[in-house]
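Analysis of the macromolecular model
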Amino acid sequence: MDLHRIDLNLLVVLEAVVSEASVSRAARRLHLSQPALSHALARLREAFGDAILVRNGRVMEATPRALAALPEVRSLLTQVGRLFSHGGRFDPATVERSIHIGASDYSAAAVLSRIATQIRSQAPSMRLRVFHAGRVDAPGMLRSGQLDLAFGVFNNLTGDLGTAPLQDEPYLCGVARDLKLRRAMTEREYLDADHLNVLVQGDTLGLIDEALAQRGLARRIVLTVPHFAVAPSLLAGTPMVLTAPAGLLRSEAVKPLVKTFKPPVELPPFRTQMAWSLRREEDEGLRWLRECIVKKMRSSTTADV
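Below is a summary of the structure that appears in this document. (Residues numbered from 1 in each chain as written. Predicted model: local features only at pLDDT ≥ 70, side-chain atom pairs only at ≥ 80, totals over all residues. Heavy atoms only, no water.)

It is worth spelling out helix α3 (residues 34–48) at this point. For α3, with 15 residues, the first-to-last C-alpha span of 20 Å sits near the 21 Å given by 1.5 Å per residue. Of the positions making up α3, those classed as buried are Leu37, Ala40, Leu41 and Leu44. Angular distribution of buried residues about the axis of α3 spans 105°; they occupy a single face of the element. Residues of α3 that are exposed and point more than 90 degrees away from the buried face comprise Pro35, His39 and Glu46. The opening residue of α3, the one whose side-chain oxygen lies 3.2 Å from the backbone nitrogen of alanine 36, is serine 33. Trailing α3 by a residue or two, glycine 49 shows a phi angle of about 70°, which is positive. (Helix = DSSP H or I, 4+ residues; strand = E, 2+ residues; numbered from the N terminus. Expected span 1.5 Å × (residues − 1). Buried < 20%, exposed > 50% of the residue type's maximum accessible area, 1.4 Å probe, protein only. Arc of directions from axis to C-beta. Polar contact = N/O pair within 3.5 Å; in protein donor to acceptor, adjacent residues only side chain to side chain.)

Below you can see the structure in the form of structure tokens.
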């Protein structure tokens with residue numbers, strides 16, 4: 001391949017098309033007409049020797065080769081941007097890019113509710129897209145470049161991923177407000193009760209049950225859902241117990257629905273972290289965003305104490 005004939009704009013198209021998995025969304029993001037983007041995609045397919053996007057049922061998906069190339073393409077675009085930026089410095093006020101974040105609904109709400117206004121003010125053309133992801137699939141999505149950041153509970157990550165603590169909070173138990181509890185549950189009553197469980201990905205053992213298993217204990221789970229926000233409303237009219245982060249059960253929207261009490265079993269804190277690929281350490285935009293998030297979360301946590 002003659003490198004002198006490669007149009008660097010095709011890398012911009014490649015990053016947008018693979019990130020968005022859609023020609024129309026990529027065209028809107030790059031402020032191009034859809035025919036112009038389709039023409040650029042045809043050139044890109046020829047130069048890259050790959051289909052880039054393929055149809056799978058009703059949706060388009062990036063090919064494995066395109067996904068594998070995405071981290072390197074983003075790294076190259078970052079280096080080119082830094083080379084031609086004024087004074088070689090990143091300026092959030094002028095940056096125009098999309099950041100892909102993986103998180104559960106609870107982690108996304110806990111973090112973005114504190115940071116969204118600042119990002120909108122300081123980096124008005126930085127777009128944040130959140131994808132539902134948990135501790136099983138988020139690490140791989142960070143490595144592949146599908147995600148730029150992830151929020152959640154990540155334990156025992158490999159050395160190619162960086163993490164920063166964002167928030168620690170205790171677990172609380174919640175039951176339907178009309179459920180008559182004469183006294184606090186004992187450990188045995190808790191374990192024998194019917195439990196409503198939140199598991200972002202259903203093929204894993206959750207943090208609560210991992211902690212119980214380490215003590216040779218197990219609870220009886222009768223219903224599992226993948227989203228925190230829906231769980232409290234499912235308690236009504238049932239004897240189920242929901243064990244969840246305190247921030248969820250103490251929220252103003254949930255308080256009228258549940259009665260809360262401390263778990264009668266010892267549980268570790270619910271520790272929200274931010275994770276990223278160390279291959280992206282030199283990405284100044286991501287570094288700026290990570291620093292904003294960590295600083296804001298720490299100041300919010302201090303203010304809540």
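For the rest of this paragraph, the subject is the sheet that holds strand β10 (residues 241–245). Strand order in the open sheet formed by five strands is β9-β8-β10-β7-β11, with mixed pairing between adjacent strands. Two strands close off the open sheet at either side, each with one partner strand: β9 (220–225) and β11 (258–261). Strand-to-strand twist of the sheet, defined as the mean angle between neighbouring strand axes without regard to direction, takes the value 35°. Pairing of strand β8 (residues 194–198) with β10 involves two bridges; the strand directions are parallel. Opposite leucine 196, over in β10, you have leucine 242 as the bridge partner. (Pairing = 2+ DSSP bridges. Axes fitted to C-alpha atoms, helices over the stretch in contact; angles between N-to-C directions.)

Right, let's talk about empty space enclosed by the protein for a bit. Under the criterion given, the structure shown has one cavity of 30 Å³ or more. In this structure, the largest cavity encloses a volume near 350 Å³. Lining the largest cavity are 25 residues, and of these Val198, Val200, Leu207, Phe228 and Phe270 sit closest to its centre. Secondary structure elements with two or more residues in the lining of the largest cavity: β5 (149–152), β8, α8 (207–214) and β10. Per-element accounting of the lining of the largest cavity gives the leading share, three residues, to β10. Its residues assigned to classes, the lining of the largest cavity comprises 15 nonpolar, nine polar and one charged. (1 Å grid on protein atoms, 1.4 Å probe; cavity = no way out; pocket = protein on both sides within 12 Å on 5 of 7 lines; lining within 4 Å. Points joined across faces, edges and corners; volume = space filled by probe spheres on them. Nonpolar A, V, L, I, M, F, W, Y, C, P; charged D, E, K, R; others polar.)

Right, let's get into the packing of aromatic side chains. Summed over all chains, the structure comprises four aromatic pairs. Ring geometry for tyrosine 106 against phenylalanine 270: centres 5.9 Å apart, planes inclined by 75°, an arrangement best described as edge-to-face. Of this pair, tyrosine 106 sits in helix α5 (residues 105–122) while phenylalanine 270 sits in strand β12 (residues 270–277), and the two are 164 residues apart along the sequence. Judged on exposure class, the residue tyrosine 106 and its partner phenylalanine 270 are both buried. Each ring, one from tyrosine 171 and one from phenylalanine 270, has its centre 5.9 Å from the other, and the planes form 85°; the classification is edge-to-face. Within this pair, whereas tyrosine 171 is found in strand β7 (residues 171–176), its partner phenylalanine 270 is found in strand β12, the two being separated by 99 residues in sequence. An aromatic cluster is present here, built from Tyr106, Tyr171, Phe228 and Phe270 joined pairwise through their rings. (Phe/Tyr/Trp six-rings, centres within 6.5 Å; stacked < 30°, edge-to-face > 60°.)

This paragraph deals with the pattern of salt bridges. In the structure shown here, the tally under the stated rule is 19 salt bridges. When the shortest N-O distance is used, the salt bridge between aspartate 283 and arginine 97 registers 2.8 Å. Of this pair, aspartate 283 sits in the loop between β12 and α10 (284–304) while arginine 97 is found in strand β3 (residues 97–103), placing the two residues 186 residues apart along the sequence. Under the relative-accessibility criterion, arginine 97 is labelled buried at 17%. Via salt bridges that share partners, Glu15, Glu20, Arg25, Arg29, Arg74, Arg97, Arg129, Asp148, Arg280 and Asp283 belong to a single interconnected network. (Salt bridge = Lys/Arg side-chain N within 4 Å of Asp/Glu carboxyl O.)

Moving on, we come to the environment of serine 300. Along the chain, the position of serine 300 falls in helix α10. Considering only alpha carbons, one finds serine 300 and methionine 60, 240 residues apart in sequence, at a separation of 40 Å.

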